[in-house]
Amino acid sequence: MPQLNFATTAYLLIATALWAGNAITGRVLVASGAVSPITLSTVRWGLAALLLLPLGWRVFLPSSDLWRNKKRFLLLGLFGVGSYNGLLYLALETSTAINVTLIGASMPIWMLLIGSAFYQTKPTLFKMIGAVVSLIGVAVVLTRGDLSTLLSMQMVLGDFLILLATITWAFYSWMLTRPGPSNERQWPWAQFLMAQVFAGLLWTGFFDGFEIAAGQAYLDLNLWTASLILFVAIGPSLVAYRCWGLGVNNAGPTVAAFFSNFIPLFTALLSAAILGEPPQLFHGLAFLFIVTGIWVSSTPSRSARS
């Protein structure tokens, strides 16, 4: 039975805080013209693979279960490493921050729908109520307390890209909770993550080939950009993915998905810290909505308690 305890909560909060940092860093790198979106994703995960290799290299041995389950890991790599971040960086080229973050915050809804449609998991009333309450908290952050601004939002290409990214991540999270024939939960964590990064890097490199062929790939490497890329290769990649995997396995994908709503809150707080602006009252209000949504969604149903 999935449980939400202190350790699980910490894992999920660490992951979302690091991904908030990834959104800010990605926005800085892409918007400044320092690196193209897909190239950023490829370089990020290539560096992450090199850093992880000393711990996870045994997964490439001929006797490894990776090769007997290559189709599963190709899907995990596509939905997780291969698609989400490249689509996120692409979305930041044409969409506004408020649109991207709000659409990404629809994660709990997609998690419930995909669980119901493909994994025979019927959403409970508590989870549906929690999703609505949590989304209200996200809307409060993104509109700075003025919900009327939602009426003026317009959809652009980037909005559809982040929607696609959110759906692929929901599939990825559900797959994590359904181990394959080799039961990769028993693998050493570094080998399991190495298999995902390797498969995802194959997809990212494939997608980057189109960006290169179109003459849209570029990378202006200097000390500043190298430092930012190193950060996204370690924090939002290795550390966050490890924490998210632990959190999803412990809490279940639907409850874990509600923690993704902390990303816009953390993004707003980090942006405020960088700009030297103190947190506002609406940040605290949003925090209460998001926490309430998580608490409600993790409440067992009557049938589960009886």
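Numbers given for residues are sequential positions, taken from 1 along each chain in its written order. The predicted nature of this model means local features are confined to residues of pLDDT at least 70 and side-chain atom pairs, given and counted, to a pLDDT of 80 or more, with totals for whole chains, interfaces and linings taken over all residues. Computation of side-chain values: all heavy atoms of the structure, hydrogens and water removed.

## Topic: a nonpolar patch on the surface
So the rule is basically this: The residues that make up patches have over 30% relative accessible area and no salt bridge, and they are joined within 9 Å when like-charged or within 5 Å when they are Val, Leu, Ile, Met, Phe, Trp or Tyr. Reported accessibility uses the Shrake-Rupley method at a 1.4 Å probe radius. Residues are deemed covered only where the shown protein chains occlude them. By salt bridge we mean one thing: a side-chain nitrogen of Lys or Arg within 4 Å of a carboxyl oxygen of Asp or Glu. Secondary structure elements follow DSSP: runs of H or I no shorter than four residues count as helices, runs of E no shorter than two count as strands, and numbering proceeds from the N terminus.
Together, Ile14, Leu51, Leu230, Ile234 and Val239 make up an exposed nonpolar region whose accessible area comes to about 360 Å². Sorting elements by how many residues they give to the nonpolar patch places helix 10 (residues 223–251) first, with three residues. With respect to the helices and strands, the residue leucine 51 is situated in helix 2 (residues 37–56).

## Re the environment of valine 43
Under the convention used in this document: We call two residues in contact whenever any of their non-hydrogen atoms come within 4.5 Å of each other.
Among the secondary structure elements, valine 43 is positioned in helix 2. Note: C-alpha distance between valine 43 and isoleucine 229 (186 residues apart in sequence) is 7.8 Å. Excluding anything up to four places from it in sequence, valine 43 contacts Leu219 and Ile229.

## Digging into the side chain of arginine 44
Condition: Relative accessibility thresholds used throughout: buried, under 20% of the residue-type maximum; exposed, over 50%; partly exposed, between the two (1.4 Å probe, protein chains only). Positive charges come from Lys and Arg, negative ones from Asp and Glu, while His and the chain ends are left out of the count. We define a polar contact as two N or O atoms separated by no more than 3.5 Å, with the added condition that, inside protein, one atom must be a possible hydrogen donor and the other a possible acceptor, whereas residues neighbouring each other in sequence contribute only through side-chain atom pairs.
Structurally, arginine 44 can be placed in helix 2. Buried arginine 44, no salt bridge; nearest opposite-charge side chain is aspartate 208, N-O distance 14 Å. At 3.0 Å, the side chain of arginine 44 and the side chain of tyrosine 89 are in polar contact. Sequence-distant contacts of arginine 44, that is, excluding residues within four places in its chain, are made with Asn22, Asn85, Tyr89, Val232, Ala233, Pro236, Ser237 and Tyr241.

## Notes on the pattern of salt bridges
This structure, assessed with the given rule, holds two salt bridges. Between aspartate 65 and arginine 68 there is a salt bridge, with its nearest N and O atoms 2.2 Å apart. Here arginine 68 falls in the exposed class, since its relative accessible area comes to 57%. A salt bridge links glutamate 184 to arginine 72, with the nearest nitrogen and oxygen atoms 2.5 Å apart. Of this pair, glutamate 184 sits in the loop between helix 8 (157–176) and helix 9 (189–213) while arginine 72 is found in helix 3 (residues 70–82), placing the two residues 112 residues apart along the sequence. In this structure, glutamate 184 and arginine 72 share a single accessibility class: buried.

## Looking at the packing of aromatic side chains
Note the cut-off: Pairing of aromatic rings covers Phe, Tyr and Trp, the last through its six-membered ring, and needs centres within 6.5 Å; plane angles under 30 degrees mean stacked, over 60 mean edge-to-face, and all others mean tilted.
On inspection of all chains with the given rule, the structure shows 21 aromatic pairs. For the pair phenylalanine 206 and phenylalanine 210, a centre-to-centre distance of 5.2 Å together with 85 degrees between the ring planes defines the contact as edge-to-face. Remark: phenylalanine 210 and phenylalanine 206 occur in helix 9; sequence separation between them is four residues, near one turn of the helix. Note on phenylalanine 210: relative accessible area 54%, which makes it exposed.

Any link to function would need more than the numbers given here.
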